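Observations on the model geometry
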Amino acid sequence: MTTPIQMSSNSSEPIQQPQGVTVKTGKDMARVQVTCPHQSGLIYAVPGDLSWVCTDELRPAHAMAGFFRELIALNDPRVESLMQQWGLYYRSLPLDSETEANNEA
């Protein structure tokens, strides 16, 4: 999956980086580009000990959800403070299979 990138047709203008979150997946690697006028970076998601179970397309979601779940579970005040400073919060959600099982019970 690739988020479309707008390219300038005027060759005299520099090509602007896409703004926002852009996910590009390929064989055994995904790149998540996060860009705004003030910050820009890439997050790479590759098969790892805990992220190999998902398809190439879903690996970034699997890896980031698992990473944030475990990061929060550390209960480290430094992590909590840093996330608050950046206005980031994470909450695990039930999986569809868990929701269906609870509805059947």
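Quick caveat: nothing in here was measured; it's all calculated off a predicted structure.

**Notes on the side chain of Gln33**
You can see Gln33 is positioned in strand S2 (residues 29–35). A distance of 3.1 Å separates polar atoms of two side chains, one belonging to Gln33 and the other to Thr35. For Gln33, the contacting residues outside a window of four places in its chain are Gln17, Pro18, Gly20, Val21, Thr22, Ser40, Gly41 and Leu42.

**Observations concerning the confidence of the model for the chain**
Residues at a pLDDT of 70 or more form 84% of the chain, whose mean pLDDT is 86. Confidence, read as mean pLDDT per element, is least for helix H3 (residues 96–104) in the chain (75) and greatest for helix H2 (residues 77–86) (98). Contacts from residues 1–11, a stretch scored under 50 in pLDDT, to residues over four places away or in other chains number 12 contacts.

**Let's talk about the packing of aromatic side chains**
For the coordinates displayed, the defined rule picks out two aromatic pairs. Residues Phe67 and Phe68 carry aromatic rings whose centres are separated by 5.7 Å and whose planes lie at 80° to one another, so their mutual orientation is edge-to-face. Here Phe68 and Tyr90 contribute two aromatic rings whose centre-to-centre distance is 5.8 Å and whose plane-to-plane angle is 25°, an arrangement assigned as stacked. Remark: Tyr90 occurs in the loop between H2 and H3 and Phe68 occurs in helix H1 (residues 59–73); sequence separation between them is 22 residues.

**With respect to the sheet that holds strand S3 (residues 40–45)**
Reading across from one edge, S1-S2-S3 is the order of the three strands in this open sheet, with antiparallel pairing throughout. Each edge of the open sheet carries a strand with a single partner, namely strand S1 (20–26) and S3. Each strand of the sheet is rotated relative to its neighbour by a mean of 15°, with strand direction disregarded. As paired elements, S2 and S3 share six bridges and run antiparallel to each other. Bridge pairing in S3 places Arg31 opposite Tyr44. Contacts from H1 reach S1, S2 and S3, with the element oriented near 70° to S2.

**Focus on the layout of surface pockets**
Of the pockets and cavities examined, the largest pocket occupies roughly 970 Å³. As for the largest pocket, its lining consists of 33 residues, and the residues nearest its centre are Ala63, Met64, Ala65, Phe67 and Phe68. Breaking the lining of the largest pocket down by element, the ones donating at least two residues are S2, S3, H1 and H2. A total of 11 residues in the lining of the largest pocket trace back to one element, the largest contributor, which is H1. Class assignment of the residues belonging to the lining of the largest pocket gives a composition of 22 nonpolar, eight polar and three charged.

Reading guide: rules and limits
- Residues numbered from 1 in each chain as written.
- Predicted model: local features only at pLDDT ≥ 70, side-chain atom pairs only at ≥ 80, totals over all residues.
- Heavy atoms only, no water.
- Helix = DSSP H or I, 4+ residues; strand = E, 2+ residues; numbered from the N terminus.
- Polar contact = N/O pair within 3.5 Å; in protein donor to acceptor, adjacent residues only side chain to side chain.
- Contact = heavy atoms within 4.5 Å.
- pLDDT = per-residue confidence, 0-100.
- Phe/Tyr/Trp six-rings, centres within 6.5 Å; stacked < 30°, edge-to-face > 60°.
- Pairing = 2+ DSSP bridges.
- Axes fitted to C-alpha atoms, helices over the stretch in contact; angles between N-to-C directions.
- 1 Å grid on protein atoms, 1.4 Å probe; cavity = no way out; pocket = protein on both sides within 12 Å on 5 of 7 lines; lining within 4 Å.
- Points joined across faces, edges and corners; volume = space filled by probe spheres on them.
- Nonpolar A, V, L, I, M, F, W, Y, C, P; charged D, E, K, R; others polar.

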